[in-house]
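Descriptive analysis of the structure
Here is how the chains run, residue by residue.
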Amino acid sequence: MGSRKKKVSNTVEDNSEDFVNSVKEENDETTDLNESSEEESDASSVDSTAEMFIDGLDYFLDCNLSNDDSSSDEDCSPKATPQKRKRSGPSCTSQSPTKSLRSSSPVPTKSGKGKNRRSSIKRPLPFSKSNSDGKWHGVDKPDIEPSKPMFIPRRTPGPQLITTASYSPLQFFEFFFSTSVMQTIVRNSNAYGAKCQDGKKPWQNISIKDFRSYLALVIYMGLLKCSTLTDYWKKSDIYSLPFPAQIMSRSKFLTISSALQISDPKEDEENEKKKGTPEYDCLFKIKPLYQHIREACKASFHPFQNISIDERMVASKARNGLKHYMKNKPTRWGYKLFVLADSLCGYTCDFFVYEGKPNSEQSKGISYDSVMTLVNEKLLGTGYKLYVNNNYTSPTLFRDLLSKKIWACGTVRTNRIGHSKKTSPRGNIRWFRDDNLLFVEWKDKRDVLMCSTFHKAYSGDTVKRKVKGEDGVWTAEDFPVPAAVLDYNKNMGGVDLSDALIGNYTVLHKTMKWYRSFFYHFVDIAVVNAFILHRHMAKAKNLKPLTQKKFREALVSELAGTGLSHTSAGVPKQSLSQDFHLPKYISGDSTIGRRKCRMCHYKTPMECVTCNVSLCFVAKRECFKKWHESGGCTEDASVKI
């Protein structure tokens, strides 16, 4: 036993690297410590020096764990007093021993994949020292209200267009898919198509008109879903769709789809030769359109004061290094994008594709770097209120944003503050401040923890919740709620709103090439942002905007070269003459077949021949004249496009 003590003491005197390696070797062994009573007594007699060293080692393991992409990016505090922690298993970024030197029973080893991949260790933030000092306060103690953010944007928030001008859906779309970028795609697609033919058959070049028709069909397929692409050209009674065949033949559509190339094929070959070197660009195949869409999104619209940042997934299961898995997203497999969106309308202000962990030593983590990349105060201005989720919230990030005069608010994970596990009544609020950072905990159905740089702990707001009484009857009661929670719920959904608008009529479909998935998603971004611009311009003129479905229908007609061109107000440029709108009896007789008038809702036997709308045509009720003078006929005509 004395030799065992001597061995442990010598191990303690070694450096930390040798100790960690020795513990790792012990972790790989399968021999149970219970097999020998001598080992059990030796393990229990380890001196206090070894115990202090192991406790100190937990700090370095926690620092390594905090570098995980999914965790917040805060600085580790080396001055914090090391405390004993019970580990349930190894983390995903650093290996820890699975057998305890203080207990005879081994700790079960958990796999590094699946639900148990992340460590259950509760890692306090650098301000946890304040928690141990008992600096949590209740609502009975008033909080000092921070100064109000002064909003000074670089440009006037909203569309950066001429407000008095009228724009068609195609013109809005061309702000993001300009003629120049279309020419680039057509030129590179022709080069790639000719290369793939390999002299077997002469390649027929694609024209700009062909590419516009191709885009029209791609957007049309988002409106009308079929299981396979070939179903759109079937002649059977079930699949009788005349529109695709009128625009383009099936073989030509499939030819363009297979030859679609965004970048120059020759430059692609040069880039592939650099694979495995720092000069290799994994996004080179989408760079021409990728950069153009990003610049167009920033130039065409300036966000309002409330903005949000979140992830977005482009669905794909291709075998590509850019593919990621996110279990909490509706789309679990695909390419991850970090998106900055306007909280009011869901406009995609900026975004970038996640390429993997940065190798730079100056990086503070992907969460920190993504926010600092998207929030550019030189482009946006100052006084913005940024909302993020617990994947981004950290004191380091919020303080750095505050130095740029960007205020921030976000949720905090429950294992980062050391909040009380005691049962508290619903609506209970407690808070503390760490310089300019407010940390507030609110008891709802679950614990809600927030961090903010511009909120007050409690401002007297309440929220209604249904509570079941002793008699079994549910009643609505008012509970106090922090202002940070209300503002977060109201303004955090900017990216989710954008995803919903894209998901309603997404053009994304399966493809063999990974970069074509990005092409279809960029078309989605262009259409949705164009629709948001149209809606803002129509409201600025006090006109009723088109719905997204009607907007896409009008855009398809313009790209394909069919139908009337619509302005931003949702009214065709060519107004229909009233001479073509004639009244007629619904059933050929004024005594039968009466219907409700569209204007006054009285029964009438008359209807308009062109509009197919029931309208009164009598001396006391001139609904027929009023309907056509108010522009109701043009609204119905836009629906029929």
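Source: prediction; values computed, not measured. (Residues numbered from 1 in each chain as written. Predicted model: local features only at pLDDT ≥ 70, side-chain atom pairs only at ≥ 80, totals over all residues. Heavy atoms only, no water.)

**What to know about the overall build of the protein chain**
- Broken down by element type, the protein chain carries 21 helices and 20 strands.
- Across the 641 residues of the protein chain, 44% fall into the buried class.
- Partitioning the contacts of the protein chain with sequence separation of at least 6, the portion at a separation of at least 24 is 65%.
- Carbon and sulfur atoms form 50% of the exposed surface of the protein chain, whose accessible area is close to 34100 Å². (Helix = DSSP H or I, 4+ residues; strand = E, 2+ residues; numbered from the N terminus. Buried < 20%, exposed > 50% of the residue type's maximum accessible area, 1.4 Å probe, protein only. Contact = heavy atoms within 4.5 Å. Areas by Shrake-Rupley, 256 points an atom, 1.4 Å probe, with all protein chains shown as cover.)

**Considerations on the pairing of strand β14 (residues 447-452)**
- Bridge count for strand β11 (residues 407-411) against β14 is three bridges, and the pairing is antiparallel. Paired with Cys409 across the bridge in β14 is Ser452.
- Direction of pairing for strand β13 (residues 437-443) relative to β14: antiparallel, over a ladder of six bridges. Its bridge partner lying in β14, Lys443 is registered against Asp447.
- Following β13, the chain reverses through three residues before pairing antiparallel with β14. (Pairing = 2+ DSSP bridges.)

**A closer look at the nonpolar core**
- Counting 107 residues, the largest nonpolar core has Phe177, Tyr214 and Phe519 as its most contacted members.
- Here this core takes 16 residues from helix α18 (residues 514-540), the largest share from any one element.
- Apart from the residues within four sequence positions on either side, Phe177 is in contact with Met182, Ile185, Leu215, Leu289, Ile293, Phe519, Phe522, Val523 and Ala526.
- With 18 residues, the next largest nonpolar core counts Tyr387, Cys409, Phe454 and Ala484 among its residues. (Core = buried A, V, L, I, M, F, W, Y, C linked by side-chain atoms within 4.5 Å.)

**Things to note about the environment of Gln171**
- Structurally, the position occupied by Gln171 is in helix α6 (residues 169-174).
- A residue is classified by how much of its surface remains accessible, and Gln171, at 32% relative accessible area, is partly exposed.
- Note: C-alpha distance between Gln171 and Leu555 (384 residues apart in sequence) is 9.2 Å.

**Here we look at unusual backbone geometry**
- Of note in the backbone geometry, Asn542 takes a positive phi value of approximately 60° without being a glycine.
- In this fold, Asn542 is placed in the loop between α18 and α19 (548-560).
- Among the residues examined, Asn542 registers a relative accessible area of 73% and is labelled exposed.

**Describing the packing of helix α8 (residues 208-223) against α18**
- With their axes 11 Å apart at the nearest point, α8 and α18 run at an angle of 80° to one another. Judged by the inter-axis angle, α8 sits roughly perpendicular to α18. Contact residues: Phe211, Tyr214, Leu215, Val218 and Ile219 in α8; Phe519, Tyr520, Val523 and Val527 in α18. (Axes fitted to C-alpha atoms, helices over the stretch in contact; angles between N-to-C directions. Parallel < 35°, antiparallel > 145°, perpendicular 65-115°, else oblique.)

**Structural notes on the packing of aromatic side chains**
- Counted according to the given criterion, the structure contains 32 aromatic pairs.
- Here the aromatic rings of Phe211 and Tyr214 are separated by 6.4 Å at their centres, their planes lie at 25°, and the arrangement is stacked. With Phe211 and Tyr214 both in helix α8, this residue pair falls three residues apart, about one helical turn. As far as the burial class goes, Phe211 and Tyr214 line up, both buried.
- For the ring pair Tyr325 and Trp333, a centre distance of 4.8 Å and an interplane angle of 50° mean the geometry is tilted.
- For Tyr325, a relative accessible area of 42% corresponds to the partly exposed category. (Phe/Tyr/Trp six-rings, centres within 6.5 Å; stacked < 30°, edge-to-face > 60°.)

**Observations concerning the side chain of Gln261**
- Checked against the element boundaries, Gln261 lands in the loop between α10 (250-259) and α11 (265-273).
- Excluding residues that lie within four positions of it along the chain, Gln261 makes contacts with Ile185, Asn188, Ser189, Tyr192, Asp268, Lys285 and Tyr515.

**A few points about the environment of Pro169**
- By secondary structure assignment, the location of Pro169 is in helix α6.
- Residue classification places Pro169 among the buried positions, given a relative accessible area of 1%.
- Between the C-alpha atom of Pro169 and that of Leu555, which follows or precedes it by 386 residues, the distance is 5.4 Å.

**Quick notes on the confidence of the model for the protein chain**
- Across the protein chain, the average pLDDT comes to 77, with 73% of residues at or above 70.
- Within the protein chain, strand β10 (residues 385-388) carries the highest mean pLDDT (95), whereas helix α4 (residues 48-65) carries the lowest (38).
- Residue range residues 568-579 is modelled with pLDDT below 50. Its contacts to residues more than four positions away, or to other chains, number 28 contacts.
- Contacts from residues 635-641, a stretch scored under 50 in pLDDT, to residues over four places away or in other chains number 17 contacts. (pLDDT = per-residue confidence, 0-100.)

**Thoughts on helix α15 (residues 395-403)**
- Buried residues of α15: Pro395, Thr396, Leu397, Phe398 and Leu401, and no others.
- In this structure, the buried residues of α15 make contact with α13 (366-374), β10, β11, β13 and β14.
- Looking one or two residues past α15, Lys405 carries a phi angle of roughly 65°, positive in sign.

**Considering the pairing of strand β16 (residues 474-480)**
- By the bridge criterion, seven bridges tie strand β15 (residues 462-468) to β16 in an arrangement that is antiparallel. Bridge pairing in β16 links Lys466 to Ala476.
- Between β15 and β16, which pair antiparallel and follow one another directly, the connecting turn spans five residues, one of which, Gly472, has a positive phi of 85°.

**Things to note about the pattern of salt bridges**
- Summed over the entire model, instances satisfying the criterion amount to 21 salt bridges.
- The shortest N-O distance in the salt bridge between Glu174 and Arg212 comes to 3.0 Å. With a gap of 38 residues between them, Glu174 in helix α6 and Arg212 in helix α8 connect regions that are remote in the sequence.
- Taking relative accessible area as the criterion, Glu174 reaches 25% and is therefore assigned partly exposed.
- One network of salt bridges, in which partners are shared, links Arg426, Asp444 and Arg465. (Salt bridge = Lys/Arg side-chain N within 4 Å of Asp/Glu carboxyl O.)

**Some details on the state of the cysteines**
- What the rule picks out here adds up to zero disulfides.
- Unpaired in this structure, Cys409 has its nearest cysteine sulfur neighbour in Cys451, at a distance of 7.9 Å.
- On the basis of relative accessibility, which here comes to 0%, the residue Cys409 falls in the buried class.
- Unpaired in this structure, Cys600 has its nearest cysteine sulfur neighbour in Cys616, at a distance of 3.4 Å. (Disulfide = S-S within 2.5 Å.)

**A look at the environment of Phe351**
- Position of Phe351 relative to the elements: it lies in strand β8 (residues 348-353).
- Each C-alpha atom of the pair Phe351 and Arg294 lies 6.8 Å from the other, and the pair is 57 residues apart in sequence.
- If we ignore the near neighbours within four places in the chain, the residues touching Phe351 are Tyr290, Ile293, Arg294, Leu337, Phe338, Val339, Leu374, Phe522 and Ile525.

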